[in-house]
Amino acid sequence: MPRKPRRDEVLSWLKRHPKVKRYAVIDDEDDELDELPLFQPSALTGLTGEIVDGLVRYLEGKSDEDMRCGRIARIVQNVHAALKLHEG
């Protein structure tokens, strides 16, 4: 979806695949995806073994916890996503 935020593409995919019940979004920004199971690698450390293990537990149904930045960082990410122009 050129010139659209990633959020739009994720939500569009989920709408086209209503039978998918267990999924996770791996993204370094929150992009206003607060209601989705989001696993956020750090810009400094990337995708760590801890995040991978948490993602596997989640996808296997052994956990319902996602792994995202703290609330303040997510608010900053959401404001940044809302204010910046998508570069395509």
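Residues numbered from 1 in each chain as written. Predicted model: local features only at pLDDT ≥ 70, side-chain atom pairs only at ≥ 80, totals over all residues. Heavy atoms only, no water.

1. Quick look at the environment of Leu55
Phase 1: Relative to the helices and strands, Leu55 resides in helix 2 (residues 49-59).
Phase 2: A C-alpha to C-alpha distance of 9.5 Å links Leu55 and Val25, two positions 30 residues apart in sequence.
Phase 3: Residue contacts for Leu55: discarding those within four places in its chain leaves Ala24, Ile26 and Phe39. (Helix = DSSP H or I, 4+ residues; strand = E, 2+ residues; numbered from the N terminus. Contact = heavy atoms within 4.5 Å.)

2. Quick notes on the packing of aromatic side chains
Phase 1: One pass over the structure, following the stated rule, counts one aromatic pair.
Phase 2: It is Arg22 that lies over the ring of Tyr58; its NZ or CZ is 4.1 Å from the centre. (Phe/Tyr/Trp six-rings, centres within 6.5 Å; stacked < 30°, edge-to-face > 60°. Lys NZ or Arg CZ within 6 Å of the ring centre and 35° of its normal.)

3. A few points about helix 2
Phase 1: Among all positions of helix 2, only Ile51, Gly54, Leu55 and Tyr58 are buried. Taken end-on, helix 2 shows its buried residues confined to a sector of 100°, consistent with a single buried face.
Phase 2: On its buried face, helix 2 sits against strand 1 (25-26) and strand 2 (38-39).
Phase 3: Backbone geometry just downstream of helix 2 places Gly61 in the positive-phi region, at approximately 80°. (Buried < 20%, exposed > 50% of the residue type's maximum accessible area, 1.4 Å probe, protein only. Arc of directions from axis to C-beta.)

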